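# Chains, contacts and geometry: an overview
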Amino acid sequence: MDFSRLGAAVNDALFPQLRCLSCGRRLPLRLGLCSSCELKLVPLYALQLIPPKPLSGEVCLYPYEGVAKELIGRFKFRGQFDLPLRRMVPALAARVQEAGFPVELLVPVPSNLPRLHARGYDQVWLLCRALGRQLGLPTCRFALRRRWAGRHQTELSAEARWRNAAVQYGRGLRTAPVLGKRVLLVDDVTTTGATASACAAVLLALGAEEVYLCCLTKTLDNAPAPAAWPGANHSL
């Protein structure tokens, strides 16, 4: 009998989580990343990015690639919250504070409802709530709504994402807390910036003073808004 294999099988049965969440390498009685993957989790060094209009500022923690992309996938699609929230939220809060954003209220980007129901949880709201606690600021979950499911942004070209986002988002069920506030819009991944821009336009139309964006990850090959993009549809 191969006792080493038997021991490994027993360990996997008793402690299935004790592997690196990125590469799967066995870890010594701890949950998280192996030392090799830790070194690959490289933050975006720009303290503030150039935000798309009408956002007043933008910060992001990691580029959406490699280990960070794997962790976001586990957080977003597999219900594995612990490491992304425990590890990334304090770092994201520190980035917001270092940027000096004078925010007073956090609002999550609303999710695609069919995907939300299939997933069984709203990962952006979980992120927003945890970040609000870390910053000591209130949150407003239902300030925004997604009007209909439509095609997912990941299925569209960069230019089509801007057109799609402009009509996807509108007034939510609870908008009073937004009035006169400097709002921090929260998302897990940003790509072209179309969704964030459309949500910011709605929040400003609802009476927000300014809107800033923070996200865990950002793709680095963003396409700018088309020259004729009019912003979000303001028929809230």
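Quick notes on the rules
- Residues numbered from 1 in each chain as written.
- Predicted model: local features only at pLDDT ≥ 70, side-chain atom pairs only at ≥ 80, totals over all residues.
- Heavy atoms only, no water.
- Buried < 20%, exposed > 50% of the residue type's maximum accessible area, 1.4 Å probe, protein only.
- Helix = DSSP H or I, 4+ residues; strand = E, 2+ residues; numbered from the N terminus.
- Pairing = 2+ DSSP bridges.
- Right-handed = clockwise from strand over helix to strand, strands pointing away.
- pLDDT = per-residue confidence, 0-100.
- Core = buried A, V, L, I, M, F, W, Y, C linked by side-chain atoms within 4.5 Å.
- Contact = heavy atoms within 4.5 Å.
- Expected span 1.5 Å × (residues − 1).
- Bend = angle between axes of the 7 residues up to and from the residue.
- Salt bridge = Lys/Arg side-chain N within 4 Å of Asp/Glu carboxyl O.

Take the pairing of strand β5 (residues 182–190) next. With 8 of 9 residues buried, β5 is to be regarded as a mostly interior element. Sheet analysis places strand β2 (residues 105–108) next to β5, joined by 4 bridges and oriented parallel. By the bridge assignment, P108 is partnered in β5 with V186. As defined by bridge partners, β5 adjoins strand β6 (residues 210–218) across 8 bridges and the pair is classed as parallel. Bridge pairing in β6 places T190 opposite K218. Once the chain exits β5 it traverses helix α8 (residues 194–205) before rejoining the sheet at β6, and the crossover so formed is right-handed.

The subject of this paragraph is the confidence of the model for the chain. Any region with low pLDDT has predicted coordinates that should not be read closely. This prediction gives the chain a mean pLDDT of 80; 74% of its residues lie at or above 70. Averaged pLDDT values over the elements of the chain bottom out at 55 in helix α1 (residues 3–14) and peak at 98 in β2.

All right, on to the nonpolar core then. L33, L131 and L184 are the most contacted members of the largest nonpolar core, which has 37 residues in total. Put simply, the parts of the chain that give this core at least two residues each are β1 (57–63), α3 (66–77), α4 (82–99), α6 (123–135), β5 and β6. Each residue touching L33, except ones within four places of it in the same chain, is listed here: C20, L21, S22, L27, E38, L41, V67, L71, L83 and R87.

Here we take up the side chain of R74. With respect to the helices and strands, R74 occurs in helix α3. Overall, the relative accessible area of 15% leaves R74 in the buried class. Leaving out residues up to four positions away in the same chain, R74 has contacts with L21, G79 and Q80.

Within the element layout of this structure, V96 appears in helix α4. Counting along the chain gives 116 residues from V96 to Y212, while the straight-line C-alpha distance between them is 9.6 Å. Ignoring any residue separated from it by four or fewer positions in sequence, one finds V96 in contact with V59, F101, L135, L184 and C214.

Helical periodicity: at 3.6 residues per turn, an α-helix aligns residues three or four positions apart in one direction. Between the first and last C-alpha of α3 there are 16 Å, a value that for 12 residues agrees with the 16 Å anticipated at 1.5 Å per step. Listed in full, the buried residues belonging to α3 are V67, A68, L71, I72, G73, R74, F75 and K76. One or two steps after α3, the chain reaches G79, where phi turns positive at roughly 70°.

What follows is about α4. Taking 1.5 Å per residue as the helical rise, α4 with its 18 residues ought to reach 26 Å, and the 26 Å between its terminal C-alpha atoms agrees with that figure. M88 marks the point of greatest bend in α4, at about 35°, and the proline P90 comes within the next four residues. The set of residues buried in α4 consists of L83, P84, M88, V89, L92, A93, R95, V96 and A99. Next to the buried residues of α4 lie β1, α3, α6, β5 and β6. Phi turns positive, to about 75°, at G100, one or two residues after α4.

What follows covers the pattern of salt bridges. Counting across every chain of the model gives 5 salt bridges. Residue K76 is joined to D188 by a salt bridge in which the shortest nitrogen-to-oxygen separation is 3.6 Å. Here K76, found in helix α3, pairs with D188, found in strand β5; they are 112 residues apart in sequence, far enough to count as distant. Its relative accessible area of 2% is what places D188 among the buried residues. Measuring nitrogen to oxygen at the nearest pair gives 3.2 Å for the salt bridge that ties R182 to E210. Here R182 is found in strand β5, whereas its partner E210 is found in strand β6, with 28 residues between them in sequence. Its relative accessible area of 30% is what places R182 among the partly exposed residues. With a relative accessible area of 24%, E210 lands in the partly exposed category.

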